[in-house]
Amino acid sequence: MVRARGRDVVYLPGGKAEPQETDAEAAIREAREETGLVFTETDLEPFGTVLEPAHGQAPGTMVAMALFLVRPGGALDSASPVASAEVDEIEWVTSADARRCPPAGVETLRRLVAAERID
């Protein structure tokens, strides 16, 4: 996960899709911009969508976040994420870090544990 500039929580790398951009294309672009990791749509496996209250926004504001797993293998096996100018740091997390995540991150960690992908 990444900690954005001046934020008190950690987030999954990501952001809003640009016009004419699919969720997968946005995930690829955001991962590259925030972590320097480069991959393609064939590296992605859809992992569902999270709908949770948006952290730090007006009550009732929701975030819908498309989740993707990156398949092991290829160039990513030897790549290491690096914090970009957009983020202060990159952190590897487990479910024990849920208290440091916004609601969408908490739900994502819950799903990763249920799928036996972390911890």
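Structure shown above.
Enquirer: Is there a simple way to explain the nonpolar core in this structure?
Expert: A general trend in soluble globular proteins is that nonpolar side chains are found buried together. Counting residues in hydrophobic clusters, the biggest one holds twelve residues: Met-1, Val-10, Phe-47, Val-50, Met-65, Leu-67, Leu-69, Val-93, Cys-101, Ala-104, Leu-109 and Leu-112. Put simply, the parts of the chain that give this core at least two residues each are strand 2 (44-53), strand 3 (62-70) and helix 2 (103-114). Aside from chain neighbours lying at most four places away, what touches Leu-109 is Met-1, Val-93, Thr-94, Ser-95, Asp-97, Ala-98, Cys-101 and Ile-118.

Enquirer: I tried to follow the pattern of salt bridges on my own but got confused; where do I start?
Expert: Close approach of charged atoms allows side chains with opposite charge to pair. According to the stated counting rule, one finds eleven salt bridges in the structure shown. Between Arg-29 and Glu-21 there is a salt bridge, with its nearest N and O atoms 2.8 Å apart. With respect to burial, Arg-29 and Glu-21 carry one shared label: buried. A salt bridge links Arg-117 to Glu-45, with the shortest nitrogen-to-oxygen separation between them at 3.6 Å. With Arg-117 in the segment after helix 2 and Glu-45 in strand 2, this pair connects stretches of sequence that are 72 residues apart. Overall, the relative accessible area of 47% leaves Arg-117 in the partly exposed class. Exposure remark for Glu-45: the relative accessible area of 28% places this residue in the partly exposed category. Several salt bridges share partner residues, and in doing so they unite Glu-18, Glu-21, Arg-29, Glu-30 and Glu-33 into one network.

About the cut-offs
Residues numbered from 1 in each chain as written. Predicted model: local features only at pLDDT ≥ 70, side-chain atom pairs only at ≥ 80, totals over all residues. Heavy atoms only, no water. Core = buried A, V, L, I, M, F, W, Y, C linked by side-chain atoms within 4.5 Å. Buried < 20%, exposed > 50% of the residue type's maximum accessible area, 1.4 Å probe, protein only. Helix = DSSP H or I, 4+ residues; strand = E, 2+ residues; numbered from the N terminus. Contact = heavy atoms within 4.5 Å. Salt bridge = Lys/Arg side-chain N within 4 Å of Asp/Glu carboxyl O.

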